[in-house]
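Residue-level structural notes
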Amino acid sequence: MAATKLSAPLDNPAPPQRTRLRFFAAAFTGILALAAALAAGHLVAGFISINASPYLAVGNGAIDLTPIELKDFAVRTFGTYDKLVLLGSMAVVMVGVAALAGVLSRRSPVPGTALIAVFGLVGAFAVYQRPDLTAVALLAPIASLLVGVAVFLLLHRIAPRVWRDPESDEKTGTSRRRFLIGGAGVVVGAGAVGLGGQLISSSRDATASREAVGKLIPARTAPMIPADADFSKLGTPPFLTPNDKFYRVDTALSVPQVRTEDWSLRLHGMVDREIRFSYNDIRNRPLVERTVTMTCVSNEVGGDYVSTSNFIGVDLADLLAEAGVKPGAEQLFCTSVDGWTSGTPVAAAQDRARGAMLAIGMNGEPLPLEHGFPARLVTPGLFGYVSATKWVVDIEVTTWAARQAYWLKRGWSREAPIKTESRFDSHRGFASVPKGKTRVAGVAWAQHTGIEKVEVRVDQGPWQTTTLSQEVNLNTWRMWWTEVDLPAGVHQVFCRATDKSGYTQTDMRAGTVPDGATGWHNVTFTAA
Ligand SMILES: Nc1nc2c(c(=O)[nH]1)N[C@H]1C(S)=C(S)[C@@H](COP(=O)(O)O)O[C@H]1N2
Ligand SMILES: [Mo]
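Small disclaimer: the values here were computed from a predicted structure and weren't measured.

Domain boundaries assigned for the protein chain yield domain 1 (18–203), domain 2 (227–410) and domain 3 (421–527). Inter-centroid distance (C-alpha atoms) of domain 1 to domain 3 is 50 Å.

Written as structure tokens, this is what we have:
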């Protein structure tokens, strides 16, 4: 046996150093190495934290680096799918780079190996940057790096023998087949390993912890929502948004998994006494329930990033009073477990009439994981990015000068009161209706101020007032409906709201950056 092996190179002279790999074989080695690398990283991350997965970490890093206009565009265009679009585009770019690494290495594995190593280092850097991960998390990108380089070098050793010699057809045929089978094996293996990582991480998720909390029963329940608070029969949304329909906006590529027993909230900074609350500390207090309409600053005129819930929790003003806020404090710098931050004006948080909360429940249930379980902030009247940190673990009482929150650093405004808005719900965009009378309905909101009236106008005609639904409280949306008379033809119908401060929505169109969109929503009707 040994003799045969020894003699083989003699019978079969060593391949010339400069053998070139076929183009596709070369690209294939790169892509396979990538698949193996990502899978290995994902598996190791499964044991630590799924955010340590280099793929997700690079994605999260990309989100953090994305210019605001693009990020805002993505949120507006792809909505909740913005994250899928990001992961998909990343996959395309990665496969491209991996194929390039392979193709660069048609003669020597060095350039491709170098490129893969750089790739691995980018992943390691992205993991290193994450505030929610410890040094152990670096094991995941390191596994990726090692497996990626190893698989690449291995395939590179096999591949030239396979594609070297077009003459000896039979031999090449079998080894080519072997290479392809080996390659398929790497793909299947990588898939299984990656899936394993996913399963391991999801077995450690917070679902069980959330279920263990059970129903939340407030000591002070919110007033019942009257039956005529919405006009859902005319096409408006129901007054309370079901939890699974509540809009979702955040920078988290994978939903943070925090179990109640691992959660605590540190309240510190410019206070007389620093306090740390456990989940039970909060849960065992008398809970209040408040009906609040939340809105995202990325909501366009006519958009859907607005929802209403019965939030259950404790008064933020109480927690602040217990800690004793020092004079001169300006903002609550709030940090999520994944490192995202927001800056809420102290005055808004202390204002009992506004009713800012540390919330642990929505509509009787513990917060859904994607809405901040175990605990989040809710500050009525302010856009979410300055007031509603999900998965909140740290509140530092400080000044504006001392700290800059996530979106503030990226060009959005420091002060972000929700703008008075109204929208059509019964019809959207372009609608065809019989000529004559048509019922139109929608919602309007001016949180913390309240809606005074909503008017509609057909083309350049006079404004006509609409019927408002019963007011639930100043912090919630209000529904409206009316009848418009449309002669045959094409008509633009506008709506505008006036709030209780006397402000009427401007028709000046403004984009969402830096502090929220303005302009009148309209629907184009074709009446026949
Ligand atoms: N941790 C964390 N909290 C966050 C965000 C985020 O990206 N990360 N986004 C904020 C924004 S921009 C909004 S509008 C609200 C949305 O809350 P929801 O997803 O529960 O509707 O959450 C806020 N809280
Ligand atoms: Mo937002």
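That was the structure; now back to the text.
For the structure shown, the criterion picks out 20 salt bridges. The residue Glu471 makes a salt bridge to Lys500 at a minimum N-O spacing of 2.8 Å. Placement of Glu471 in the loop between β16 (467–468) and β17 (478–486) and of Lys500 in the loop between β18 (489–499) and β19 (521–527) is noted, with a sequence separation of 29 residues between them. Salt bridges here are not isolated pairs; linked through shared partners, they connect Asp304, Arg423, Asp425 and Arg428.

Moving on: the confidence of the model for the protein chain. Summarising the model, the protein chain shows a mean pLDDT of 90, and 93% of its residues fall at 70 or more. For the stretch residues 1–17, pLDDT sits under 50, and the model shows four contacts to residues farther than four places along the chain or on other chains.

Turning our attention to the packing of aromatic side chains. Enumeration according to the criterion identifies 13 aromatic pairs in this entry. Here the aromatic rings of Tyr247 and Tyr305 are separated by 5.8 Å at their centres, their planes lie at 40°, and the arrangement is tilted. Separated by 58 residues along the polypeptide, Tyr247 in the loop between α9 (207–213) and β1 (264–269) and Tyr305 in the loop between β3 (288–295) and β4 (306–315) bring together distant segments of the chain. For the pair shown, Tyr247 and Tyr305 are each scored as buried. Pairing Trp407 with Trp412 gives two aromatic rings, centres 6.5 Å apart and planes at 75°, and the pair type is edge-to-face. With respect to class, Trp407 is no different from Trp412; both count as buried. Here a set of aromatic residues connected by ring pairs shows up, and it is made of Trp340, Tyr385, Tyr406, Trp407 and Trp412.

It is worth spelling out the sheet that holds strand β11 (residues 421–424) at this point. Pairing within the open sheet is antiparallel, and its four strands lie in the order β11-β13-β17-β16. Edge strands, defined here as strands with exactly one partner in the open sheet, are β11 and β16. When β11 meets strand β13 (residues 436–445), the two strands line up antiparallel, connected through four bridges. Paired with Glu421 across the strands is Trp445, a residue of β13.

Moving on to the environment of Thr438. In this structure, Thr438 sits in strand β13. C-alpha of Thr438 to C-alpha of Gly411: the two residues are 27 residues apart in sequence and 43 Å apart in space. When neighbours within four sequence positions are excluded, Thr438 is seen to be in contact with His427, Val433, Thr482, Glu483, Val484, Leu486 and Phe525.

Moving on: the site of ligand 1. Taken together, 19 residues form the shell around ligand 1, and within it Tyr247, Thr251, His371, Arg376 and Lys390 come nearest. Val249 is positioned such that a nitrogen or oxygen atom in its backbone is 3.1 Å from an oxygen atom of ligand 1. Protein chains bury 98% of the 530 Å² of accessible surface belonging to ligand 1 in isolation. Among the residues making up the shell around ligand 1, the classes are represented as nine nonpolar, five polar and five charged.

Calculation criteria
Residues numbered from 1 in each chain as written. Chains lettered and ligands numbered in written order. Predicted model: local features only at pLDDT ≥ 70, side-chain atom pairs only at ≥ 80, totals over all residues. Heavy atoms only, no water. Domains from an automatic or database assignment. Salt bridge = Lys/Arg side-chain N within 4 Å of Asp/Glu carboxyl O. Helix = DSSP H or I, 4+ residues; strand = E, 2+ residues; numbered from the N terminus. pLDDT = per-residue confidence, 0-100. Contact = heavy atoms within 4.5 Å. Phe/Tyr/Trp six-rings, centres within 6.5 Å; stacked < 30°, edge-to-face > 60°. Buried < 20%, exposed > 50% of the residue type's maximum accessible area, 1.4 Å probe, protein only. Pairing = 2+ DSSP bridges. Near = heavy atom within 4 Å. Polar contact = N/O pair within 3.5 Å; in protein donor to acceptor, adjacent residues only side chain to side chain. Areas by Shrake-Rupley, 256 points an atom, 1.4 Å probe, with all protein chains shown as cover. Nonpolar A, V, L, I, M, F, W, Y, C, P; charged D, E, K, R; others polar.

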